[in-house]
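# Understanding the architecture of this molecule
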Amino acid sequence: MQLTFLGAARMVTGSSYLLEVGSQKILIDCGMFQGSKAVVALNQRDFVFNPGELDCVLLTHAHIDHSGLLPKLCNSGFKGPIYATKVTGELCSILLPDSAHIQEFDAEIFNRKGVRAGRVAMEPLYTIDDAYLCLQQFSSVAYATEVVLSDKVSVKFFDAGHILGSSLLEVTVTEDGKSTKLVFSGDLGQSNQPLIKNPTVLTEADYVIVESTYGNRRHSHYDKEEALGKIIKETAARGGNIIIPSFAVGRTQTILYYLHKLLKAGKIPDLPVVIDSPLAISATDIFMHNIQDYDSEALGMMREDQESPLYLPKLRFTKTSDESKALNDLNESAIIISASGMADAGRILHHLKHNLWRPESSVLFVGYQAQGSLGRRLIEGAKKVKLLGEEISVKAEVHNLDGFSAHADQGQLLEWLGNFEGKPACVFLVHGEVDMAEPFALLLKEKLAMQTYIPHFSDAAHIAGRNWEIEESGIVVLDPAQRQLQEYLETVEREYQQYRRQLEQAVASDKQKMPEILRRLEKLQSYMRKTLNAV
């Protein structure tokens with residue numbers, strides 16, 4: 001058999017792995033690349049395989065970095081089944097059309113500007129129609145139930161504890177009368193998350209393909225519920241709003257769960273709680289109607305309270321933009337949960353515009369804030385920010401509660417891998433940047449004596465029983481550091497052209513400026529030489 005790594009290789013997004021057993025071809029995940037422009041551009045590449053030759057897709061969960069290229073795959077000729085849990089299928093039914101809407105919108109904006117610049121028109125990566133057609137190929141599977149894909153391959157889905165419906169996969173391949181077991185972690189969740197069951201413990205595997213998103217980091221462990229309650233209580237006492245930028249699937253529902261517990265315990269006042277994100281509203285409805293996947297604590301709360309652990313007496317949903325704008329006229333404190341989670345787009349921008357300047361309000365971040373995002377600038381102490389064309393003073397209290405991640409950290413990954421009886425022949429580390437994967441590989445060797453490999457994009461593992469070897473890829477994909485440098489230098493090049501024109505115009509209008517301009521340019525050139533010599 002052969003396993004080819006087609007995404008999430010030395011990066012976090014774009015999860016996709018091609019398993020070939022004889023003539024059978026199985027794709028595990030088909031995720032979208034997300035992040036910088038250089039990474040997003042990978043979505044435009046043709047698949048390195050023929051989609052029409054695939055027998056099926058096994059989908060670990062609904063997040064777009066695992067499912068987001070499925071409509072493109074189906075539109076490119078794949079006609080087989082997409083196996084996933086019931087909840088994953090339901091979440092994809094809202095996430096994939098939403099992603100398609102973004103593709104169509106981005107293409108429309110690009111083309112509108114492109115016509116004026118003389119550029120060739122861009123087609124969307126896929127359309128809303130493509131997304132809905134793709135959803136027709138989903139086939140629901142139950143946890144811990146064997147799905148026979150052929151006389152050589154079968155698979156079982158187990159709860160990965162990441163988001164509702166998430167799965168880790170146990171794939172059994174029989175060749176030459178011998179069985180080989182491959183385990184794909186998908187995104188492995190933290191233990192003791194609200195609503196979600198803990199990741200399933202597996203004990204047998206010949207090969208493990210495991211995420212390493214936090215392979216070199218441990219989450220902060222503190223009473224998140226208590227910290228959240230304190231911020232809400234103090235803000236309400238000042239008469240302000242609590243604005244929470246939050247991801248629509250998973251994080252929003254976690255916040256609702258904590259609010260339910262805090263209100264029940266009398267630790268926060270009974271404020272209006274508003275979910276202001278159409279996607280989050282739909283996701284919350286799916287979470288509320290799939291209690292079969294809840295953990296024992298959530299089910300116990302339901303029996304005791306006779307209501308959903310996501311229910312709040314003053315919970316409101318704003319579906320239209322007019323309903324969203326009306327929130328600016330509230331005459332009482334409220335908790336407003338809105339997308340996006342990094343505060344870089346969507347309705348959250350309007351709420352920040354109307355609350356950041358108010359010292360009585362609070363902005364509460366509950367997720368990772370990427371470098372350069374508005375969220376990162378706010379938690380780093382920005383005093384002023386530009387929002388929707390207007391400069392806003394930051395006088396509200398800005399809080400950052402970390403530890404809400406749905407990914408297992410270094411210790412939790414190590415603990416989960418430590419359950420395997422007998423050593424896997426190899427642990428392939430995926431879904432993590434190099435600075436997370438490499439230290440984790442060393443730790444696995446030191447603590448568990450496990451052999452590891454960190455694949456590059458399109459590396460192929462040739463596997464025969466417990467013997468394996470890597471065929472290195474000839475496809476070049478820049479690593480994260482190279483991508484960052486490339487993007488920065490492209491910015492410098494664009495700015496250089498502007499500086500050059502300005503300098504030429506300055507000298508043309510006043511030739512006496514020439515000596516001073518040359519002196520400064522020579523000083524700049526000297527600094528650049530020193531910089532290059534230093535590295």
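From a predicted model like this one, the values you see are computed outputs, not experimental measurements. (Residues numbered from 1 in each chain as written. Predicted model: local features only at pLDDT ≥ 70, side-chain atom pairs only at ≥ 80, totals over all residues. Heavy atoms only, no water.)

Here we take up the overall build of the chain. On a plain count of helices and strands, the chain comes out with 16 helices and 23 strands. Its C-alpha atoms give the chain a radius of gyration of 25 Å, within 12% of the compact-globule value 24 Å for 535 residues. Projected onto its principal axes, the C-alpha coordinates of the chain cover approximately 85 × 60 × 50 Å. Burial statistics for the chain: of 535 residues in total, 52% are counted as buried. (Helix = DSSP H or I, 4+ residues; strand = E, 2+ residues; numbered from the N terminus. Rg over C-alpha atoms; globule rule 2.2 N^0.38 Å. Buried < 20%, exposed > 50% of the residue type's maximum accessible area, 1.4 Å probe, protein only.)

So, on to a nonpolar patch on the surface. Taken together, the side chains of Y499, L503, M514, L518, L521, L524, Y527 and M528 make up a nonpolar region of the molecular surface, amounting to roughly 750 Å² of accessible area. Only α15 (480–509) and α16 (514–534) provide two or more residues apiece to the nonpolar patch. Take the nonpolar patch: its biggest share by element is six residues, from α16. (Patch = residues over 30% accessible without salt bridge, like charges linked within 9 Å, V, L, I, M, F, W, Y side chains within 5 Å. Areas by Shrake-Rupley, 256 points an atom, 1.4 Å probe, with all protein chains shown as cover. Salt bridge = Lys/Arg side-chain N within 4 Å of Asp/Glu carboxyl O.)

Read across the open sheet, the eight strands follow the order β6-β5-β4-β3-β2-β1-β22-β23; overall the sheet is mixed. Of all strands in the sheet, those with a lone pairing partner are β6 (138–141) and β23 (467–471), marking the two edges. Here the average twist between neighbouring strands, direction ignored, is 25°. (Pairing = 2+ DSSP bridges. Axes fitted to C-alpha atoms, helices over the stretch in contact; angles between N-to-C directions.)

What follows covers the packing of aromatic side chains. On inspection of all chains with the given rule, the structure shows 11 aromatic pairs. A ring pair is formed by F5 and Y17, whose centres lie 6.0 Å apart and whose planes are at 75°; its orientation type is edge-to-face. You can see F5 sitting in strand β1 (residues 2–7) and its partner Y17 sitting in strand β2 (residues 16–21), a full 12 residues away along the chain. Judged by relative accessible area, which is 0%, F5 ranks as buried. (Phe/Tyr/Trp six-rings, centres within 6.5 Å; stacked < 30°, edge-to-face > 60°.)

Let's shift gears to helix α9 (residues 296–305). Three or more residues of α9 are buried, namely A298, M301 and D305. Each buried residue of α9 sits inside an arc of 55° when the element is viewed along its axis, so together they form one side. Across from the buried face of α9, at angles greater than 90 degrees, the exposed residues are S296, R303 and E304. Buried residues along α9 sit in contact with α7 (251–264). Just downstream of α9 lies Q306, where phi reads positive at about 60°. (Arc of directions from axis to C-beta. Contact = heavy atoms within 4.5 Å.)

What follows concerns the pairing of strand β20 (residues 426–430). Within β20, five of the five residues are buried, which leaves the element mostly enclosed by the surrounding structure. With burial as the criterion, each face of β20 is covered, one bearing C426, F428 and V430 and the other bearing V427 and L429. Relative to β20, strand β11 (residues 207–211) runs parallel, the two sharing five bridges. Bridge pairing links E211 to V430 in β20.

This part covers the side chain of N290. For N290, the position within the fold is in the loop between α8 (278–288) and α9. Residue class for N290 comes out buried when judged on its relative accessible area of 0%. Within the local environment of N290, its side chain forms a polar contact with the side chain of K86, the two groups lying 2.6 Å apart. Of the polar contacts made by the side chain of N290, one reaches the side chain of E90; its length is 3.0 Å. The contacts of N290, once residues within four sequence positions are left out, are K86, V87, E90 and L164. (Polar contact = N/O pair within 3.5 Å; in protein donor to acceptor, adjacent residues only side chain to side chain.)

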